[in-house]
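Residue-level structure breakdown
Next come the chains, spelled out residue by residue.
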Amino acid sequence: MITHGKNIKIFTGNSHPELAKDIASIVGVKVGDSRVGTFSDGEISVDINETVRGADVFVVQSTSSPVNNNLMELLIMIDAFKRASAGRITAVIPYYGYARQDRKAKSRDPITAKLVADLLTTAGADRVLTMDLHASQIQGYFNIPVDNLMGAPILSKYFIDKGFAEKDDVVVVSPDLGSVTRARKFADKLHAPIAIIDKRRPRANVSEIMNIIGDIKDKTCILIDDMIDTAGTISNAANALRDLGAKEVYACCTHGVLSGPAIERINDSAIKELVMLNTVKNDQAEGINKFKSISVAPIFGEAIKRIYDDVSISKLFEG
């Protein structure tokens with residue numbers, strides 16, 4: 001049975017301490033006193049330097065690169081809080097790593113997203129707070145409550161504030177068939193039509209544009225996806241839109257993973273501006289004019305306050 005903690009405490013690992021500090025500031029507390037380091041052989045060391053007995057503990061940690069280190073930090077911290085008699089432990093995971101391995105795509109594939117869910121539960125997490133899981137069914141991999149916040153309302157507000165709403169020459173574009181629902185909800189916020197890019201992926205991290213469904217000629221196009229990793233899909237999509245007559249191409253995503261050649265690809269692509277949320281720490285994109293980062297601290301801070309107060313957070317799913 002999940003208990004309610006007496007007082008609220010927010011801790012962080014090493015994946016994104018700046019975001020944890022911003023969230024704690026919004027909640028009205030300081031980040032808890034802890035240290036996460038390594039022993040000389042590389043094993044992770046966790047020191048909790050204040051009492052958490054009976055507390056409602058929130059551990060903020062994105063499982064982004066280095067994925068395995070950050071995941072182990074989170075698991076060990078959760079175990080430490082459980083053994084220190086925390087009243088309730090919530091894993092706050094703005095970016096849930098391994099989410100793309102959510103099914104068996106071919107024989108003998110692992111379902112690593114389920115494995116990570118089992119690890120978090122076994123470590124002692126009582127609930128999970130995350131954003132834009134790559135596949136919504138991952139919520140069903142857990143036997144504990146999962147709150148999956150949406151990033152699209154934050155992104156759509158940015159474009160609405162820039163004056164993109166209710167304009168005849170704006171079209172929202174889904175970079176693949178799997179993102180159509182997300183694109184449609186985003187387009188509804190802007191009162192804009194959608195277009196769909198039908199692509200064939202010959203192998204992992206390589207995509208080939210095949211066809212564009214919808215009218216994009218002389219339009220300002222906004223590509224939307226849940227994450228951008230190596231940026232092959234989004235860059236190819238943007239270039240295809242430009243080649244087929246789009247006036248301008250913007251792109252946005254919740255998780256800017258930006259690994260490998262992503263920065264170079266986006267800089268060399270037809271994308272005029274890439275807007276992403278700061279669920280993942282991206283120092284390499286800072287200072288580059290083409291990249292715009294928006295903080296998710298306000299929505300996570302509000303969600304944490306509502307969870308602590310036992311208040312519904314369903315309104316936050318729509319922004």
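Residues numbered from 1 in each chain as written. Predicted model: local features only at pLDDT ≥ 70, side-chain atom pairs only at ≥ 80, totals over all residues. Heavy atoms only, no water.

The name given to the protein chain in an unreviewed UniProt entry is Ribose-phosphate pyrophosphokinase, with Clostridium cadaveris as the source organism.

Once that is clear, we can look at the overall build of the protein chain. Each helix and strand in the protein chain was counted, giving 8 helices and 14 strands. Relative to its length of 319 residues, the protein chain is compact, with a C-alpha radius of gyration of 20 Å against a globular reference of 20 Å. Overall, the C-alpha framework of the protein chain stretches about 60 × 40 × 35 Å when taken along its three principal axes. Expressed as a percentage of the 319 residues in the protein chain, the buried residues total 54%. Considering only contacts within the protein chain whose residues lie at least 6 apart along the sequence, 64% involve residues at least 24 apart. Looking at the protein chain as shown, the accessible area adds up to about 14,700 Å², and 48% of this sits on carbon and sulfur atoms. (Helix = DSSP H or I, 4+ residues; strand = E, 2+ residues; numbered from the N terminus. Rg over C-alpha atoms; globule rule 2.2 N^0.38 Å. Buried < 20%, exposed > 50% of the residue type's maximum accessible area, 1.4 Å probe, protein only. Contact = heavy atoms within 4.5 Å. Areas by Shrake-Rupley, 256 points an atom, 1.4 Å probe, with all protein chains shown as cover.)

Quick look at the sheet that holds strand β4 (residues 56–60) now. Reading across the sheet, the 5 strands line up as β1-β4-β5-β6-β7 and stay open at both edges, with parallel pairing between neighbours. Each edge of the sheet is formed by a strand with only one pairing partner; in this case those strands are β1 (8–12) and β7 (146–149). Across the sheet, the mean angle from the axis of one strand to that of its neighbour is 20 degrees, orientation sign disregarded. Inspection of the sheet shows strand β5 (residues 88–93) paired to strand β6 (residues 127–131) by 4 bridges, in the parallel sense. Among the inter-strand pairings, I93 is bridged to a residue of β6, identified as T130. (Pairing = 2+ DSSP bridges. Axes fitted to C-alpha atoms, helices over the stretch in contact; angles between N-to-C directions.)

The subject of this paragraph is the pairing of strand β8 (residues 170–174). A large share of β8 lies buried, amounting to 5 of its 5 residues. Every second residue of β8 is oriented toward a common face, with V170, V172 and S174 on one face and V171 and V173 on the other, all of them buried. Sheet topology places β8 next to strand β11 (residues 220–228); 4 bridges connect them, and they run parallel. From the neighbouring strand, V172 faces β11, where its bridge partner is I222.

So, about the UniProt feature "binding site: ATP" (unreviewed entry) in the protein chain. Following the UniProt record, the feature "binding site: ATP" (unreviewed entry) maps to D41, G42, E43, R100 and Q101 here. In terms of the greatest pairwise C-alpha distance, the residues named above, spread along 61 residues, do not form a single cluster, extending to 30.4 Å across. Structurally, G42 is set in the loop between β2 (34–38) and β3 (44–48). (UniProt positions renumbered as here; feature names shortened; annotations may be inferred.)

The residue after S65, namely P66, is reached through a cis peptide bond having omega -5 degrees. Among the structural elements, P66 can be located in the loop between β4 and α2 (67–83). The phi torsion at E166 lies on the positive side, around 55 degrees, for a residue other than glycine. You can see E166 is positioned in the loop between α4 (152–161) and β8. Within the chain, L258 stands out as a residue other than glycine whose phi angle is a positive 50 degrees. Tracing the sequence through the fold places L258 in the loop between β12 (248–256) and α7 (262–268). Since its relative accessible area comes to 4%, L258 is described here as buried.

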